[in-house]
Amino acid sequence: MEKYDDRLELAPRDVVARAIDAELKRRGEESVFLDLRHLDTEDVRQSFPSIYRRCLDVGIDITADLVPVVPAAHYTCGGVMTDRDGHTNIKGLFVAGESAMTGLHGANRLASNSLLEALVFANRAAMATLRETCDDPPAHDIAAWDDSDTYNTEEWVLISHNRREVRTLMWDYVGIVRSNLRLQRARRRMDLLTREVEDFYKRTRVSEKLIQLRNLTLLAHLIIDSAIKRRESRGLHFTTDYPHVDPSLDRVDTVLSVFDTSTD
């Protein structure tokens, strides 16, 4: 890390992740290594009991061995816009936790923020719900679900294959280091995947896995479009075409409608 930041491994996670990614690509290795051998053995065991036990399960003693490390998806940064009580722009719908965009995490998502959002904002949303008792719940003129023209396919392979495609596409093209070329390529492929999933959804009985896949494609679209619109590098969003922070975009969120398909 001394080649990348004076704070070494204590640099912000986006800096560390990009440094790892750069070293893996430069050296062709499968991982870098975390070295805890200079720390007191008992302190390490007491400070990281779960990680210590988990690594032992796969044959790694973190107090004596080098620990292999690769970047991985950690937290979602952003989500459904809410106010301080978890309200969304849909009456009666509250969002809290990692699904919400409260503005707390800024351009990086910090691990400690999950406690604040999951407990404090969830409690605020619950209190707001109690204050606004559902004596008069919102009415929606939605027809009853009709699955008479669908069939329950046995081809689970279609869902699992598309799910792997979304995962691979997002990691390869919309991962740690982005570019206009990669994002546009991801957008074209995600358009095709979305059409396939929608076609499958309309002629297949609804299942939990199918709903998850449909939601994944929608979320992937929103992430790709947000990245295309953000023409700067800030926090975890780093693009080689716009490698510097744009001061005019300080404290400006990228807000998209799920129906917004423009990438201008």
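For the structure itself, consult the block above.
Calculation notes
Residues numbered from 1 in each chain as written. Predicted model: local features only at pLDDT ≥ 70, side-chain atom pairs only at ≥ 80, totals over all residues. Heavy atoms only, no water. Salt bridge = Lys/Arg side-chain N within 4 Å of Asp/Glu carboxyl O. Helix = DSSP H or I, 4+ residues; strand = E, 2+ residues; numbered from the N terminus. Buried < 20%, exposed > 50% of the residue type's maximum accessible area, 1.4 Å probe, protein only. Axes fitted to C-alpha atoms, helices over the stretch in contact; angles between N-to-C directions. Parallel < 35°, antiparallel > 145°, perpendicular 65-115°, else oblique. Left-handed = near helix turned anticlockwise from the far one by under 90°. Contact = heavy atoms within 4.5 Å. Nonpolar A, V, L, I, M, F, W, Y, C, P; charged D, E, K, R; others polar. Patch = residues over 30% accessible without salt bridge, like charges linked within 9 Å, V, L, I, M, F, W, Y side chains within 5 Å. Areas by Shrake-Rupley, 256 points an atom, 1.4 Å probe, with all protein chains shown as cover. Core = buried A, V, L, I, M, F, W, Y, C linked by side-chain atoms within 4.5 Å.

Considerations on the pattern of salt bridges
Alright, step 1. All chains considered together, the criterion is met by 17 salt bridges.
Alright, step 2. The salt bridge partner of Glu23 is Arg27, with a shortest N-O separation of 4.0 Å. Separated by four residues within a single helix, Glu23 and Arg27 lie in helix H1 (residues 13-27), roughly one turn from each other.
Alright, step 3. Residue classification places Glu23 among the buried positions, given a relative accessible area of 11%.
Alright, step 4. One connected set of salt bridges, linked through shared partners, spans Lys3, Glu23, Arg26 and Arg27.

Re the packing of helix H5 (residues 156-173) against helix H6 (residues 180-202)
Alright, step 1. Following both chains from N to C, one finds H5 and H6 inclined at 165°, their axes separated by 10 Å at the closest point. Here H6 runs roughly antiparallel to H5, going by the angle between their axes. As for the relative orientation of H5 and H6, their crossing is left-handed in sense. For the pair H5 and H6, the contacting residues are Leu158, Ile159, Asn162, Glu165, Val166, Leu169, Met170, Asp172 and Tyr173 in the first and Arg182, Leu183, Arg185, Ala186, Arg189, Met190, Leu193, Glu196, Val197 and Phe200 in the second.
Alright, step 2. Considering only residue class, the contact of H5 with H6 consists of twelve nonpolar, one polar and six charged.

Considering unusual backbone geometry
Alright, step 1. Look at Leu8: it is not a glycine, yet its phi comes out positive at around 55°.
Alright, step 2. Secondary-structure assignment places Leu8 in the segment before H1.
Alright, step 3. Leu8 gets classed as partly exposed once you look at its relative accessible area, which sits at 34%.
Alright, step 4. Of note in the backbone geometry, Arg251 takes a positive phi value of approximately 60° without being a glycine.
Alright, step 5. Residue placement: Arg251 occurs in the segment after helix H7 (208-229).
Alright, step 6. Assessed through its relative accessible area of 85%, Arg251 is described here as exposed.

Brief notes about a nonpolar patch on the surface
Alright, step 1. Together, Leu104, Leu115, Leu116, Leu119 and Val120 make up an exposed nonpolar region whose accessible area comes to about 420 Å².
Alright, step 2. Among the secondary structure elements, Val120 is positioned in helix H4 (residues 111-131).
Alright, step 3. Taking relative accessible area as the criterion, Val120 reaches 38% and is therefore assigned partly exposed.

Quick notes on the environment of Tyr242
Alright, step 1. Structurally, the position occupied by Tyr242 is in the segment after H7.
Alright, step 2. C-alpha separation for the pair Tyr242 and Ser179, spaced 63 residues apart in sequence, amounts to 8.3 Å.
Alright, step 3. Once residues within four sequence positions are removed from consideration, Tyr242 is found in contact with Asn180, Arg231, Glu232 and Ser233.

Quick look at the nonpolar core
Alright, step 1. Membership of the largest hydrophobic core is limited to twelve residues, which are Val166, Leu169, Met170, Val174, Leu183, Ala186, Met190, Leu193, Ala220, Ile224, Ala227 and Ile228.
Alright, step 2. If you list the elements that add at least two residues to this core, you get H5, H6 and H7.
Alright, step 3. Formed by seven residues, the second largest nonpolar core is a distinct cluster that contains Leu36, Val44, Ile62 and Val67.

Don't take any of this as a statement about function, it's just geometry.
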